[in-house]
Amino acid sequence: MTSAINFLDEQATFDLYEPSDNAQVVFTARKMLARMGFDQTGQYLIASAVSELSTNIIRYAQKGKITLRVIHNGDKAGFEINARDQGPGISDMENAMKETYSSGNGLGIGLPSVKRIMDEFQIQSTPGLGTRITAIKWMD
Ligand SMILES: Nc1ncnc2c1ncn2[C@@H]1O[C@H](COP(=O)(O)OP(=O)(O)OP(=O)(O)O)[C@@H](O)[C@H]1O
Ligand SMILES: [Mg+2]
């Protein structure tokens, strides 16, 4: 019993410096999501959200960190993505969260899609200081 809890009690942190760092984060996310029991579609969608946040860090902040974590709320397990950087920050948050506001040369997922895919989404960004995003997907 105890080992089952320990089994799910895992997390991984990644330092992001270059586009190729994305692969390892997405690979690990898929592995954690599969182990948690998310179906293929869930794994794909949530891993896409991870990829989007990781791509944004590298593209806009050059470097930063992502932590993937299995969390628990009572009997419910959830998958938490925490993305943080000390890049330029987002000065126009309203526009950044709009579907239409996109440079369009990434995965085309965008922040609004991350918000839609995940159950909880929080973004804090201060121009000149950086950006911090926490998003959670709970298991059904
Ligand atoms: N970590 C970040 N640091 C600074 N600015 C960011 C960061 N993430 C997003 N942004 C800003 O928010 C905007 C919207 O991001 P979003 O991911 O929705 O779209 P995109 O990256 O432009 O296009 P797409 O993701 O569809 O390729 C970006 O164009 C960028 O200006
Ligand atoms: Mg993007």
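The model shown is predicted, which means the values in this text are computed figures rather than measured ones.

Rules of the game
Residues numbered from 1 in each chain as written. Chains lettered and ligands numbered in written order. Predicted model: local features only at pLDDT ≥ 70, side-chain atom pairs only at ≥ 80, totals over all residues. Helix = DSSP H or I, 4+ residues; strand = E, 2+ residues; numbered from the N terminus. Buried ≥ 20, exposed ≤ 12 C-beta atoms within 10 Å, placed from the backbone. Contact = placed C-beta atoms within 7 Å. Axes fitted to C-alpha atoms, helices over the stretch in contact; angles between N-to-C directions. Left-handed = near helix turned anticlockwise from the far one by under 90°. Nonpolar A, V, L, I, M, F, W, Y, C, P; charged D, E, K, R; others polar. pLDDT = per-residue confidence, 0-100. Pairing = 2+ DSSP bridges. Core = buried A, V, L, I, M, F, W, Y, C linked by C-beta atoms within 7 Å.

Things to note about the overall build of the protein chain
Okay, so step 1: Each helix and strand counted, the protein chain has 5 helices and 5 strands in total.
Okay, so step 2: Walking the protein chain from its N terminus toward its C terminus, one meets helices and strands in the order α-β-α-α-β-β-α-α-β-β.
Okay, so step 3: Among the 140 residues that make up the protein chain, the fraction classed as buried is 26%.
Okay, so step 4: Counting only contacts in the protein chain whose residues sit at least 6 apart along the sequence, the fraction spanning at least 24 positions is 65%.

Concerning the packing of helix H3 (residues 40-61) against helix H5 (residues 110-117)
Okay, so step 1: Close contact between H3 and H5 brings their axes to 9 Å; oriented N to C, the two are set at 145°. The two elements H3 and H5 cross, and the hand of that crossing is left-handed. Taken together, the residues of H5 that come into contact with H3 (itself represented by Leu-45, Ile-46, Ala-49, Glu-52 and Leu-53) are Gly-110, Ser-113, Val-114 and Ile-117.
Okay, so step 2: In the contact of H3 with H5, the residues fall into 6 nonpolar, 2 polar and 1 charged.

Here's the deal with the confidence of the model for the protein chain
Okay, so step 1: The predicted model of the protein chain averages 89 in pLDDT, with 86% of residues at 70 or higher.
Okay, so step 2: Overall, residues 1-6 carries pLDDT values under 50, and its contacts beyond four positions in sequence, including any with other chains, amount to 0 contacts.

Looking at the pairing of strand E2 (residues 64-73)
Okay, so step 1: Summarising the sheet, strand E1 (residues 11-16) and E2 pair through 6 bridges and their orientation is antiparallel. What sits directly across from Leu-16, in E2, is Gly-64.

Concerning the nonpolar core
Okay, so step 1: Formed by 25 residues in total, the largest nonpolar core has its most connected members in Ala-29, Ile-46, Ala-49, Val-50, Leu-53, Ile-66 and Ile-81.
Okay, so step 2: For this core, the elements supplying multiple residues, two or more each, are E1, helix H2 (21-36), H3, E2, strand E3 (76-85), H5 and strand E5 (130-138).
Okay, so step 3: Here this core gets 7 residues from one element, more than from any other, and that element is H3.
Okay, so step 4: The contacts of Ile-66, once residues within four sequence positions are left out, are Phe-14, Leu-16, Val-25, Leu-53, Ser-54, Ile-81, Asn-82 and Ala-83.

Digging into the sheet that holds E3
Okay, so step 1: The strand order across the open sheet built from 5 strands is E1-E2-E3-E5-E4, with neighbouring strands paired in antiparallel fashion. Because the sheet does not close on itself, it has two edges, and the strands there are E1 and strand E4 (120-126). Averaged over all pairs of adjacent strands, the angle between their axes in this sheet comes to 10°, without regard to strand direction.
Okay, so step 2: Where E2 meets E3, 10 bridges bridge the pair, whose relative direction is antiparallel. Directly across from Thr-67, in E3, lies its bridge partner Asn-82.
Okay, so step 3: Contacts from H3 reach E1, E2, E3 and E5 within the one sheet, and its direction differs from that of E3 by about 10°.

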